Amino acid sequence: MDLQGTISPYVGNLSFLVTLDLSNNSFHGHLIPEIGLLHRLKLLILEYNLMEGVILASVYHCQTLQAISLATNKLRGVLPKYRLSNLTSLQILFLGENNFTGTIPPPLVNNSKLVYLGLDYNNLHGSIPNEIGNLKNLKVLDLEANNLNGIIPSSIFNISSLQTLALQLNSLLGTLPLTFGLQLPNLRKLYLSKNQLIGIPAGIGHMENLQVLYLGANQLENQPRSLELSFLTDLTLCKSLKSLDIGENHFSSHLPDSFGNLSSSLQSFYAVLCNIKDPIPKGIGALRNLNTLALSDNNLSGTIPSTIKGMKSLQRLYLDGNQLEQSIPTEICLLANLGEMALQKNNLSGPIPSCIGNLFNLQIMFMSSNQLSSSIPSSLWNLENLLFLNLSVNSLEGNLHANMRALKMLQSMDLSGNRILGKIPTILGDFQSLSVLNLSKNSFSEVIPEQLGDLITLDYLDLSHNNLSGEIPKSLAGLSHLHYLNLSCNKLSGEIPRRGPFANFTAASFIDNEALCGQPIFQVPPCHTTGKPKAKFLLKFILPILAFTSILIIVTLIMMKHRKNNVKTQNTIDVVPAVEHRLISYQELRYATNDFSEANILGVGSFGSVFKGILYEGTFVAVKVLNLQLEGAFKSFDAECKVLARVRHRNLVKVISSCSNPKLRALVLQYMPNGSLEK
């Protein structure tokens, strides 16, 4: 509902109130003491607000309370020691995600009716009190993400009703009891990750109802004298198991052949960074309902088994950071639901399977730092849902395929460190969502495509260490989000653009090129135009004299003609056939006028505004932009185009070009530095 403000003290007048539920709002301030007047209250639910302060003693006067949920607020202080014992009917106590400190007081866990105890994500410290075993009806115990230490009290494993035990993200020590699998027959979810536990009890497979087992990031080791992760064989008895995490431990053995016999309901298996070695067992293909397989950063060797094709539900495959070799099996293309594939940092060789385009749901494809060869298959460009592509540091060669299609959802593409040849395809300008493009350390040649300036979301562009030549496209100056640019170690020439993101780049972006010029900050020579001093001299002194002489001769001839014919004449305007003008695009006009900046306005007339601009080749122009909202504007524009295109007169400015589209009508005129377009 998103209610705000403080809780009104008049709530205390609702003497018959049974349920007070103000959850999921934005109430702030302290708990009001008037809540203690609600003697019939059974449910107090204020979770997901902004409440502050401590839990008031008046709350414990509501002796009929069955549930208190104050989770996800900003409450602080220590937990009450004795007052909660007054709430003999209390079944649910949920105080998670606050700022409570201190230890867990033993009296707090003496209520035998308590079914749910949630103290997660606070700042509690010390050990878990042994009295917690008195909660004989407890189904959920959540102490996650505190600073608890010491061993897990054995009394917890006497709570046979327990269904969820969450102790992860603490500093708990020691081992689990050897028989805990028998003592917790109803346990469904066991979260012990990110502690300092050692050893895995042999009886773990007796928890037939177990659905989630998280043991990651501890100090677990394999059972003595066992060369394989034998406890995985024990877990094959847990037929309801859906999610298993054993990663970031100190195992040094291989996956057993029985790995494929784990529960058919298993959906995720995480075993990263735990020194698993030897080949992946072929029986893995039997895990038909597995959607996530994470074996990253181990010492797996051998090949990716072709039996992987049996994992029809697989959506995420992480095998990166191992020592897998030989080619990527074509059977991987049969994983129709695959959305993320990470095979980087292995020793894989051979070509990328040509059938890779069959993985229509693929969004992440990482194959960097292998020994892949041949060219990139054309079918890869059929992956319309691809978001991230990294094929860097391989031995890929050939040209980027001529039939390359625009992947309009792709956000990052890294093909660096390969042997790719030929032109950079102009179609890259149609990759509308691209923010990272890295083509460095290849053998791309010819010019940088002007179309790269259409990548308006581009943030990172690296084309260094290629054989690119020609000028840096002026269109790149329009990439307002570009924060990193590297064009070094090529054969580029011409002027380095000054505008847009180029104002923030340094010389490191342009070093080791052939003939770049520009501003001193880029550590390149200044750009010189041949004969520029002479041209200035001509413009300043010679041309005005010639112009004055020409005008004097023309005036004399006109006067003589007037006298001869005894007819009074006026200056006439000669109409000549229309001439062809250089085409100027809307994009170039935006660049020339700095996106029609007000700082470039020369004047405002009845039908529009006139802007000063500089074209790509450095020509100063005046751009007259029509106000399309005014009545008669289109007729004015058409008439002006027809007349000025055919007129030659010394008192009229020269028309260079025009630009017309549904959003804009503009005339590009000769710039008169000392004059006015209104004259």
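Everything below is about the structure printed above this text.
Source: prediction; values computed, not measured.

1. A short note on the nonpolar core
- With 156 residues, the main nonpolar core has Phe269 and Met365 as its most contacted residues.
- No other element matches helix α2 (residues 230-235), which puts 3 residues into this core.
- Not counting chain neighbours up to four residues away, the residues in contact with Phe269 comprise Leu232, Leu244, Ile246, Leu255, Phe259, Leu290, Thr292, Leu293, Ala294 and Leu295.
- In this structure, Ile584, Leu589, Ala592 and Val621 belong to the second largest nonpolar core, which totals 13 residues.

2. Some remarks on the pairing of strand β47 (residues 664-670)
- Counting buried positions over the 7 residues of β47 gives 6, a clear majority of the element.
- Two strands pair when backbone bridges link them, and strand β44 (residues 620-626) and β47 are joined in this way by 5 bridges, in the antiparallel orientation. Bridge pairing in β47 places Ala622 opposite Leu669.
- Inspection of the sheet shows strand β46 (residues 655-661) paired to β47 by 6 bridges, in the antiparallel sense. Bridge pairing in β47 links Asn661 to Leu664.

3. Some thoughts on the sheet that holds strand β17 (residues 196-197)
- The strand order across the open sheet formed by 9 strands is β1-β3-β5-β7-β9-β11-β13-β15-β17, and the pairing between neighbours is parallel. Each edge of the open sheet is held by one strand with a lone partner, namely β1 (4-5) and β17.
- In the sheet, strand β11 (residues 123-126) pairs with strand β13 (residues 147-151) via 2 bridges, with the strands oriented parallel. Residue pairing for β13: Gly126 is matched across the bridge by Leu148.

4. Some thoughts on the side chain of Asn222
- When you line up the elements, Asn222 lands in the loop between β18 (212-214) and α2.
- Taking relative accessible area as the criterion, Asn222 reaches 14% and is therefore assigned buried.
- Within polar-contact distance, the side chain of Asn222 engages the backbone oxygen of Glu228 at 2.8 Å.
- Other than its neighbours up to four places away in sequence, Asn222 contacts Leu227, Glu228, Leu229, Ser230, Phe251 and Ser253.

5. Here's the deal with the side chain of Thr164
- Of note, Thr164 is situated in strand β14 (residues 164-166).
- The buried category is assigned to Thr164, whose relative accessible area is 17%.
- Excluding its chain neighbours within four sequence positions, the residues that come into contact with Thr164 are Lys139, Val140, Leu141, Leu187, Lys189 and Tyr191.

6. Side note on the state of the cysteines
- Applying the stated rule across the entire model yields 2 disulfides.
- The side chain of Cys333 participates in a disulfide bridge whose partner is Cys355; the two sulfur atoms lie 2.0 Å from each other. In this structure the cystine formed by Cys333 and Cys355 twists about its S-S bond by roughly 70 degrees; its chirality is therefore right-handed. Taken together, the residues span a long stretch of sequence, with Cys333 in the loop between β25 (325-326) and β26 (340-342) and Cys355 in the loop between β27 (347-350) and β28 (364-366) at a distance of 22 residues.
- Residue classification places Cys333 among the buried positions, given a relative accessible area of 7%.
- Disulfide pairing places Cys517 opposite Cys527 at an S-S distance of 1.9 Å. Because the torsion about its S-S bond is 100 degrees, the bridge between Cys517 and Cys527 counts as right-handed. A residue pair is termed long-range when its members are at least 10 positions apart, and Cys517 in strand β40 (residues 515-517) and Cys527 in the loop between β40 and α3 (532-565) qualify at 10 residues.
- By relative accessible area, which is 14% here, Cys517 ends up buried.
- When its relative accessible area of 34% is taken as the criterion, Cys527 is described as partly exposed.
- The connectivity of the disulfides in the chain is 1-2, 3-4, where the numbers refer to bonded cysteines in sequence order.

The rules we used
Residues numbered from 1 in each chain as written. Predicted model: local features only at pLDDT ≥ 70, side-chain atom pairs only at ≥ 80, totals over all residues. Heavy atoms only, no water. Core = buried A, V, L, I, M, F, W, Y, C linked by side-chain atoms within 4.5 Å. Buried < 20%, exposed > 50% of the residue type's maximum accessible area, 1.4 Å probe, protein only. Helix = DSSP H or I, 4+ residues; strand = E, 2+ residues; numbered from the N terminus. Contact = heavy atoms within 4.5 Å. Pairing = 2+ DSSP bridges. Polar contact = N/O pair within 3.5 Å; in protein donor to acceptor, adjacent residues only side chain to side chain. Disulfide = S-S within 2.5 Å.

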